[in-house]
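Coordinates in review
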Amino acid sequence: MVRIPEPELMEEPTQVESYAHADFETAHSFLIRKFQDRLPIRFTPESILDLGCGPGDMSSRLYSQFADANFTFLDGSEFMLDLCKKRMDIMVLKKRNQKIEFKKELIQEFVPESPYDLVFSNSLLHHLHDPFEFWGAVQRSIHSDSFIFISDLMRPDSLTIADQLVVRYANDEPEVLKTDFYNSLLAAYRIEEVKEMLEIVRLDTKLNLEPITDRHWICYSKPRL
Ligand SMILES: C[S@@+](CC[C@H](N)C(=O)[O-])C[C@H]1O[C@@H](n2cnc3c(N)ncnc32)[C@H](O)[C@@H]1O
């Protein structure tokens, strides 16, 4: 099935509100467990970048795990970033000298002041019309020991399977969220396409790529030998 792109930024108020209020507990806690399982032992990042943070559900989970780190939460949608900031303001107990930044910026334009120890991104790649802009932003944001963790949806084989996934995982959600999920499945990259991207940008030697559910893949730094 050919890829059908969706708009990059999530800025339409109904879409943003319904995404922000959706119950992602099952999917997000599963992804975070996978992330935790793959982290190097005793990994304590001092700086963390969350690319395409959206309304901050994953961001808050990252903060809970690494509450002493400096964070940059980046999203190109002002509406999304405001929701993320509100959510984080409630939970962040800022330590002295701790830096918590909210950047309203396109990843295409993002040039970090210094590299991050952990670069995290969930459900952003499928929004990008040129996926290499995503990998470029990742590459600009790392140093040789950074840990990278990326997760996203994968495009199913057919529209029928996309329909079935929406029924299976979003049947009780509002119509706008069902449509959003359906469109995201159609816009998602297939795992073979992601594999090819990694080879082209030469991250294939650094990162593992695995399917982990019937609709998600993860990509993360290989253990250093
Ligand atoms: C599906 S949401 C994922 C949000 C969050 N990471 C999560 O897991 O819930 C994708 C987010 O990426 C943002 N986004 C899409 N394209 C972007 C771009 N080119 N630069 C920055 N942010 C972008 C959207 O505005 C949206 O908030």
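The present account deals with the structure reproduced in this document. (Residues numbered from 1 in each chain as written. Predicted model: local features only at pLDDT ≥ 70, side-chain atom pairs only at ≥ 80, totals over all residues. Heavy atoms only, no water.)

**Focus on the side chain of His127**
- Tracing the sequence through the fold places His127 in the loop between β4 (116-122) and α5 (131-140).
- Those residues in contact with His127 that lie beyond four places of it in its chain are Glu6, Pro7, Glu8 and Met10. (Helix = DSSP H or I, 4+ residues; strand = E, 2+ residues; numbered from the N terminus. Contact = heavy atoms within 4.5 Å.)

**What about the layout of surface pockets?**
- Roughly 990 Å³ of internal volume is contained in the largest pocket.
- Surrounding the largest pocket, 48 residues form its lining, Tyr19, Phe24, His28, Asn122 and Ser123 being those nearest its centre.
- Of all the elements in the fold, those that place two or more residues in the lining of the largest pocket are α1 (13-21), α2 (25-38), α3 (57-65), β2 (70-75), α4 (78-91), β4, α6 (159-170) and α7 (175-187).
- The biggest single contributor to the lining of the largest pocket is α2, with five residues.
- Per-class residue counts for the lining of the largest pocket are 23 nonpolar, 13 polar and twelve charged.
- When its volume is computed, the second largest pocket comes out at roughly 280 Å³.
- No other element matches strand β5 (residues 142-153), which puts six residues into the lining of the second largest pocket.
- The residue makeup of the lining of the second largest pocket, split by class, is seven nonpolar, three polar and five charged. (1 Å grid on protein atoms, 1.4 Å probe; cavity = no way out; pocket = protein on both sides within 12 Å on 5 of 7 lines; lining within 4 Å. Points joined across faces, edges and corners; volume = space filled by probe spheres on them. Nonpolar A, V, L, I, M, F, W, Y, C, P; charged D, E, K, R; others polar.)

**Quick look at the sheet that holds β4**
- Pairing is mixed in the open sheet, where seven strands are placed in the order β3-β2-β1-β4-β5-β7-β6. Each edge of the open sheet is held by one strand with a lone partner, namely β3 (100-104) and β6 (207-211). If you compare each strand with its neighbour and ignore which way they point, the axes differ by 15 degrees on average.
- Pairing of strand β1 (residues 47-51) with β2, which is carried by five bridges, proceeds in the parallel orientation. Across the sheet, the residue bridging to Asp50 is Phe73, located in β2.
- Those strands touched by α4 are β2 and β3, and its axis lies near 165 degrees from that of β3.
- Sheet contacts for helix α8 (residues 191-200): β6 and β7 (216-221); angle to β6, the most-contacted strand, approximately 175 degrees. (Pairing = 2+ DSSP bridges. Axes fitted to C-alpha atoms, helices over the stretch in contact; angles between N-to-C directions.)

**Quick look at the site of the ligand**
- Taken together, the neighbourhood of the ligand is formed by 22 residues, with Glu8, Tyr19, Gly52, Asp75 and Asn122 sitting nearest.
- Interatomic distance of 3.0 Å between a backbone N/O atom of Met10 and an oxygen atom of the ligand.
- Interatomic distance of 2.6 Å between a side-chain N/O atom of Asp75 and an oxygen atom of the ligand.
- Taking 610 Å² as the accessible area of the ligand by itself, protein coverage stands at 99%.
- In this structure, the ligand is accommodated by the largest pocket. (Near = heavy atom within 4 Å. Polar contact = N/O pair within 3.5 Å; in protein donor to acceptor, adjacent residues only side chain to side chain. Areas by Shrake-Rupley, 256 points an atom, 1.4 Å probe, with all protein chains shown as cover. Sits in = over half its atoms within 2 Å of the grid points.)

**A word on the packing of aromatic side chains**
- Summed over all chains, the structure comprises ten aromatic pairs.
- For the pair Phe120 and Phe149, a centre-to-centre distance of 5.8 Å together with 15 degrees between the ring planes defines the contact as stacked. Of this pair, Phe120 sits in strand β4 while Phe149 sits in strand β5, and the two are 29 residues apart along the sequence. Each of the two residues, Phe120 as well as Phe149, counts as buried.
- An aromatic cluster is present here, built from Tyr63, Phe71, Phe73 and Phe102 joined pairwise through their rings. (Phe/Tyr/Trp six-rings, centres within 6.5 Å; stacked < 30°, edge-to-face > 60°. Buried < 20%, exposed > 50% of the residue type's maximum accessible area, 1.4 Å probe, protein only.)

Purely geometric stuff here, so don't read any function into it on its own.
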